[in-house]
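Structural characterization, general
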Amino acid sequence: MKNILFIGAGSMAEAIIHGLTAQQVIDAAHIFVTNKSNEAKLTQLHEAYGISATYELADALQQADLVVLAMKPKDVKAALEKIAAHIPAQTPVLSIVAGYAMASIEAILGARPLARIMPNTSAQIALSTTGVAYNAAVNDGTKQAITTLLQSIGTVIEVEEDQLHAVTAISGSGPAYFYYVVEAMKEAGLTYGLDEQTVKQLVVETMAGASEMLKRVDEEPQLLRKKITSPGGTTEAGVKALEKFNVKEAFTTCIADAEAKSRELANS
Ligand SMILES: NC(=O)c1ccc[n+]([C@@H]2O[C@H](COP(=O)([O-])OP(=O)(O)OC[C@H]3O[C@@H](n4cnc5c(N)ncnc54)[C@H](O)[C@@H]3O)[C@@H](O)[C@H]2O)c1
């Protein structure tokens, strides 16, 4: 895969471009980016990564070996209608757009190799866990090239397209749930006279350590939790409060509502 064209120069496009150039997966000279209105953003990407900013869409589409859709869901239909006249019949398209179905892309661009991905914002530091789904027209070579591309921003999990709704609800939106928990623990911690930097460090390092434990130690979270919980002790008292306020149920509803919203967006 030689040339990649990004349509949309927002935060997700930049995170992927950062990964691709940092890991030297693809030479910056072969990365082309176009944007709807914000020329300053294209200049910034050119200066930061050496990519080619372009407004010559027809030319860029002719030369692209992969076209990446990286705009907001509300803008995707208009973008597809704009590129439809210029994109060659078999050029693969990879969409980052949450909830927008391959069938909808095909309806405008015609049958072709299609992939949809759901990364998360940890792509910025190459720690995204990214779900990817392919249609039947994607061959093994293109799958491998897309996997390599995605590995530059973290880890990759292949799923069926329909499962991307759940991936979106769990890992696409997931960092926001964690930040919410960090916010809550920080706010609570600040009421005990510790300074902000100290509380932040206590919360963030605790999360990072617990997360590493889950990755490195082959034990279920329930067991790891049990090992911390002395009978009649502090953890038991804390967890009782979480149970009293149905925090588990809140997370069940949180994931269910996000999954349902992803389906709703797909049908809108
Ligand atoms: N932010 C996240 O956590 C996250 C995670 C996974 C997927 N996504 C998906 O990634 C996509 C991009 O999100 P983002 O946060 O990078 O958005 P963003 O708003 O930062 O960037 C989108 C860019 O696309 C440009 N654009 C719109 N229409 C265009 C067109 N016709 N031609 C060229 N450029 C066009 C806009 O000018 C804008 O610069 C969204 O569809 C979102 O659902 C986001």
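What you see is a predicted model, and the numbers here were worked out from it, not measured in a lab.

Viewed as axis vectors pointing N to C, helix H7 (residues 164-172) and helix H8 (residues 174-189) meet at an angle of 30 degrees, and their least axial separation amounts to 5 Å. Compared by their axis directions, H7 and H8 come out roughly parallel. Contacts between H7 and H8 involve Ala169, Ile170, Ser171 and Gly172 from the first element and Gly174, Pro175 and Tyr177 from the second.

This paragraph deals with H8. Compared with an ideal rise of 1.5 Å per residue, which puts 16 residues at 22 Å, H8 spans 23 Å between its outermost C-alpha atoms and is within 8% of the ideal. Every buried residue of H8 is listed here: Gly174, Pro175, Tyr177, Val182, Lys186 and Gly189. Where H8 is buried, its residues touch H7, helix H9 (196-216) and helix H12 (247-266).

Attention shifts here to the pattern of salt bridges. Applying the stated rule across the entire model yields 13 salt bridges. Where Glu81 meets Lys77, a salt bridge forms, and the shortest distance between an N and an O atom there is 3.1 Å. Placement of both Glu81 and Lys77 in helix H4 (residues 73-83) is noted, with a separation of 4 residues, approximately one turn of the helix. Relative accessible area serves as the criterion here: at 45%, Glu81 is assigned to the partly exposed category. Across the pair Arg263 and Asp162 runs a salt bridge, and its minimum N-O distance is 2.9 Å. Here the residue Arg263 occupies a position in helix H12, and Asp162 occupies one in the loop between strand E8 (154-158) and H7, the gap between them amounting to 101 residues. Look at Asp162 and you get partly exposed, because its relative accessible area is 46%. Connected through shared salt-bridge partners, Lys36, Lys74 and Asp75 make up one network.

In the numbering used here, UniProt assigns the "domain: Pyrroline-5-carboxylate reductase dimerisation" (unreviewed entry) feature to residues 161-265. Spanning residues 161-265, this segment combines 80% helix with 0% strand, and its end C-alpha atoms are found 14 Å apart.

Right, let's talk about the environment of Leu20 for a bit. Structurally, Leu20 is set in helix H1 (residues 11-22). Distance from Leu20 to Gln151, taken between C-alpha atoms, is 8.9 Å for residues 131 residues apart in sequence. Not counting residues up to four positions away in its chain, the partners in contact with Leu20 are Ile4, Phe6, Val25, Ile26, Ile31, Leu149 and Ser152.

Two numbers describe a pair of packed helices, the interaxial angle and the distance between the axes. Put simply, H8 and H9 touch, their axes get as near as 9 Å, and they point 140 degrees apart. Considering the angle they form, H8 stands oblique to H9. You can see that H8 and H9 cross each other, and the crossing is right-handed. Of the residues in H9, those in contact with Phe178, Val181, Val182, Met185, Lys186 and Gly189 of H8 are Glu196, Val199, Lys200, Val203 and Met207. Broken down by class, the residue content of the contact of H8 with H9 amounts to 7 nonpolar, 1 polar and 3 charged.

Judged by nonpolar contacts, the single largest core of 30 residues is most densely connected at Phe6 and Val33. Breaking this core down by element, the ones donating at least two residues are strand E1 (4-7), H1, strand E2 (31-34), helix H2 (39-49), strand E4 (66-69), strand E6 (114-118), strand E7 (128-134) and helix H6 (140-151). The leading source of residues in this core is H1, at 5 residues. Beyond its immediate stretch of four places on either side in the chain, Phe6 contacts Ala13, Ile16, Ile17, Leu20, Ile31, Phe32, Val33, Thr34 and Val68. Leu5, Ala64, Leu69 and Leu164 belong to the second-largest nonpolar core, a separate cluster that totals 27 residues.

So, how was this worked out
- Residues numbered from 1 in each chain as written.
- Predicted model: local features only at pLDDT ≥ 70, side-chain atom pairs only at ≥ 80, totals over all residues.
- Heavy atoms only, no water.
- Axes fitted to C-alpha atoms, helices over the stretch in contact; angles between N-to-C directions.
- Helix = DSSP H or I, 4+ residues; strand = E, 2+ residues; numbered from the N terminus.
- Parallel < 35°, antiparallel > 145°, perpendicular 65-115°, else oblique.
- Contact = heavy atoms within 4.5 Å.
- Expected span 1.5 Å × (residues − 1).
- Buried < 20%, exposed > 50% of the residue type's maximum accessible area, 1.4 Å probe, protein only.
- Salt bridge = Lys/Arg side-chain N within 4 Å of Asp/Glu carboxyl O.
- UniProt positions renumbered as here; feature names shortened; annotations may be inferred.
- Left-handed = near helix turned anticlockwise from the far one by under 90°.
- Nonpolar A, V, L, I, M, F, W, Y, C, P; charged D, E, K, R; others polar.
- Core = buried A, V, L, I, M, F, W, Y, C linked by side-chain atoms within 4.5 Å.

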